[in-house]
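Fold and geometry: a report
The residues making up each chain are set out below.
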Amino acid sequence: MDIRKSEQLFRKAQKYMPGGVNSPVRAFKSVGLDPLVIKKGQGSKIYDVNDNEFIDYVCSWGPLILGHCHPEVIEAICAAAREGTSYGACCEKEIELAQLICEAFPAMDKVRLVNSGTEAAMSAIRLARAYTGRDKIVKFEGCYHGHADSFLIKAGSGMLTAGVPTSPGVPKSLVEQTLVCRFNDLDSVKKAFMQSGPNIAAVIVEPIAANMGLVNPQPGFLEGLREITSRYGSLLIFDEVITGFRVCYGGVQTLKNIKPDLTTLGKIIGGGLPVGAYGGKKEIMNRVAPEGDVYQAGTLSGNPLAMAAGIASLQKLQANDFYESLASKACDLTERLQSSFAAHDINCAINRNSSLFSVFFTEQKVYDYESVLSCDTRKYALFYRNLLQAGVYFPPSQFEVCFVSAAHSDEDVDNTVKAVNKALDII
Ligand code: HOZ
């Protein structure tokens, strides 16, 4: 595989951008390569600047559930662009997207559109703090809610001791306000509430964890969170930035019939353009300015281009059997990958939920952050490099998830299985 042009461009990128990238995982550091520089995407494929073709399972980290350059999404963006890219004023399309979202999520009476998942999560906890008059939040080890200060915190030496920031620059006073519990461990949540219940504004959780690889919630975990938060008068926030409109039209909360107080969204609702959203019960959302006193604003929020891409995408997702057929494709793929690993006598745990999956290089079952950490990341890196050579683009980190899109064909699945076999042959 010729990657000379990518290498040249990456050298130039490093001169002008920290690490040569605009988001760290793209630097390919954990798989020991320099990043590919991508020239275009089409359907299920991406192409780098050297015209190498790859079957893409990153899909822009989730937004591209219809694949790259879906004709109706592109047409909607072009038509919107001809009318102006941003007005910094109300437009009809933002109302249309807000309506689609609220109709899809029974727990969302009202929604505020923003520009990224980070912005949505950051705004949601400000609102939760204002609404409850409390300062502390609970998050889970291995869950990711964007890069606002309050979320860049991991558990300290023992659960319920003070957390530790995962980045310099996070004020100590904020670290004290974030309690870190174990995903899929209700006891750790009960302990946090026994210790600090009356001060906890909200519990925020990815209802299917998709930022430590894919980790499914165990039966009763999400229901337990709903029960505990209600008992203590804290808010439950579902971060469905990845799962909303991914696992079904209406997110995990619809599948599980659980009503969180607030929900954050992003990715798919922007059809590949930058969008985020937070929403929930009327009485909480009415605290957001200008109706209420909780300030939050954005120049590009609700811009017509992103709205058009989001609306066009959501309309396609309403087709009969859309989610069933996507999930069955991903199921076929992961079952065949499981057989390939078994045939090569290589231990792995494959977690899947609808069209999301992860291949973990471990002999353990993966159900929380600790089991995620049992993975052999060096083996993943080797597998990754072999797979890339064989024409398949997986996430360049063991701790991210693979996304299957509607554009992936049966032939893509066959070719992926062949490529995986080839990659495993030389591990
Ligand atoms: N937040 C993404 C990983 N979960 C990475 C985004 C990107 O690099 O584009």
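Preceding this section is the structure that the text describes.
Residues numbered from 1 in each chain as written. Predicted model: local features only at pLDDT ≥ 70, side-chain atom pairs only at ≥ 80, totals over all residues. Heavy atoms only, no water.

**Some remarks on the overall build of the protein**
- Within the protein one finds 14 helices and 16 strands.
- Relative to the globule expectation of 22 Å for 427 residues, the C-alpha radius of gyration of the protein, 21 Å, shows essentially globular dimensions.
- A principal-axis box enclosing the C-alpha atoms of the protein has dimensions of 55 × 55 × 50 Å.
- For the protein, the residues scored as buried account for 56% of the 427 residues in total.
- Total accessible area on the protein is roughly 18,400 Å²; 50% of this is exposed by carbon and sulfur atoms.
- Looking at the protein, you have 43 positive and 46 negative side-chain charges, and the mean spots of the two groups are 5 Å apart. (Helix = DSSP H or I, 4+ residues; strand = E, 2+ residues; numbered from the N terminus. Rg over C-alpha atoms; globule rule 2.2 N^0.38 Å. Buried < 20%, exposed > 50% of the residue type's maximum accessible area, 1.4 Å probe, protein only. Areas by Shrake-Rupley, 256 points an atom, 1.4 Å probe, with all protein chains shown as cover. Lys, Arg positive; Asp, Glu negative; His and termini not counted. Charge placed at Lys NZ, Arg CZ, Asp CG, Glu CD.)

**Comments concerning the sheet that holds strand β2 (residues 45-48)**
- Ordered in space as β1-β2-β3-β15, the 4 strands form an open sheet in which the pairing is mixed. Pairing within the sheet leaves two strands with one partner each, and these edge strands are β1 (38-42) and β15 (392-393).
- Where β2 lies against strand β3 (residues 53-56), 3 bridges are found, and the strand directions are antiparallel. Looking at the pairing, Lys-45 lines up with Ile-55 of β3. (Pairing = 2+ DSSP bridges.)

**Remarks on the site of the ligand**
- Around the ligand, the neighbouring residues are Ser-23, Val-25, Arg-26, Trp-61, Asn-211 and Glu-400.
- At 2.8 Å, a side-chain N or O of Arg-26 approaches an oxygen atom of the ligand.
- Here a nitrogen atom of the ligand and a side-chain polar atom of Glu-400 are 2.9 Å apart.
- Tallied by class, the residues present in the shell around the ligand amount to 2 nonpolar, 2 polar and 2 charged. (Near = heavy atom within 4 Å. Polar contact = N/O pair within 3.5 Å; in protein donor to acceptor, adjacent residues only side chain to side chain. Nonpolar A, V, L, I, M, F, W, Y, C, P; charged D, E, K, R; others polar.)

**Digging into the packing of helix α6 (residues 186-196) against helix α7 (residues 221-232)**
- Running from amino to carboxyl end, α6 crosses α7 at an angle of 10°, the nearest separation of the two axes being 10 Å. Taken together, the axes of α6 and α7 lie roughly parallel to each other. Contacts from Leu-186, Val-189, Lys-190, Phe-193 and Met-194 of α6 reach α7 at Phe-221, Gly-224, Leu-225, Ile-228, Thr-229 and Tyr-232.
- Residue classes in the contact of α6 with α7 are distributed as 8 nonpolar, 2 polar and 1 charged. (Axes fitted to C-alpha atoms, helices over the stretch in contact; angles between N-to-C directions. Parallel < 35°, antiparallel > 145°, perpendicular 65-115°, else oblique. Contact = heavy atoms within 4.5 Å.)

**Concerning helix α13 (residues 377-389)**
- Across its 13 residues, α13 extends 18 Å between first and last C-alpha, which sits within 8% of the 18 Å expected from 1.5 Å per residue.
- Looking at α13, one finds that the buried residues are Tyr-380, Ala-381, Phe-383, Tyr-384, Asn-386, Leu-387 and Leu-388.
- Tucked into the core, α13 has its buried residues touching β3, α11 (322-343), β14 (356-360), β15 and α14 (410-425).
- You can read the cap of α13 off the contacts: a side-chain oxygen lies 3.2 Å from the backbone nitrogen of Arg-378, and it is on Asp-376.
- Phi for Gly-391, located one or two positions after α13, is positive at around 95°. (Expected span 1.5 Å × (residues − 1).)

**Some points on the packing of helix α2 (residues 71-81) against helix α10 (residues 304-317)**
- As a packed pair, α2 and α10 sit with axes 8 Å apart at the nearest point and diverge in direction by 155°. When the interaxial angle is binned, α2 and α10 end up roughly antiparallel. For the element pair α2 and α10, the recorded crossing hand is right-handed. Packed against α2, whose contacting residues are Glu-72, Val-73, Ala-76, Ile-77, Ala-80 and Ala-81, the element α10 presents Pro-304, Leu-305, Ala-308, Ala-309, Ala-312, Ser-313 and Lys-316 at the interface.
- For the contact of α2 with α10, the residue count by class is 10 nonpolar, 1 polar and 2 charged. (Left-handed = near helix turned anticlockwise from the far one by under 90°.)

**Looking at the state of the cysteines**
- Throughout the structure, instances matching the rule amount to 0 disulfides.
- Its sulfur unpaired, Cys-331 is 15 Å from the next cysteine sulfur, which belongs to Cys-348.
- Judged by its relative accessible area of 22%, Cys-331 falls in the partly exposed class. (Disulfide = S-S within 2.5 Å.)

**Remarks on the pattern of salt bridges**
- Taken as a whole and assessed by the stated rule, the structure comprises 13 salt bridges.
- Note that Arg-4 and Asp-2 form a salt bridge whose closest N and O atoms lie 3.0 Å from each other.
- Judged by its relative accessible area of 58%, Arg-4 falls in the exposed class.
- A single salt-bridge network, built from bridges that share partners, covers Arg-226, Asp-261 and Lys-281. (Salt bridge = Lys/Arg side-chain N within 4 Å of Asp/Glu carboxyl O.)

**Overview of the pairing of strand β5 (residues 136-140)**
- Counting buried positions along β5 yields 5 of 5 residues, so the element is predominantly enclosed.
- Two strands pair when backbone bridges link them, and β5 and strand β9 (residues 200-205) are joined in this way by 3 bridges, in the parallel orientation. Directly across from Val-138, in β9, lies its bridge partner Val-203.
- Bridging between β5 and strand β8 (residues 178-181) involves 4 bridges; their strand directions are parallel. Within β8, the residue paired with Lys-139 across the bridge is Val-180.

**Section: the nonpolar core**
- Ile-101, Phe-245, Phe-383 and Phe-394 are the most contacted members of the largest nonpolar core, which has 69 residues in total.
- In terms of residues, this core owes the most to one element, α10, which gives 9 residues.
- Setting aside its immediate chain neighbours within four residues, Phe-245 contacts Ile-65, Ile-101, Ala-104, Phe-105, Gly-250, Gly-251, Leu-265, Ile-268, Ile-269, Leu-314, Leu-317 and Tyr-323.
- Membership of the second largest hydrophobic core comes to 38 residues, among which are Val-205, Ala-349, Val-372 and Val-401. (Core = buried A, V, L, I, M, F, W, Y, C linked by side-chain atoms within 4.5 Å.)

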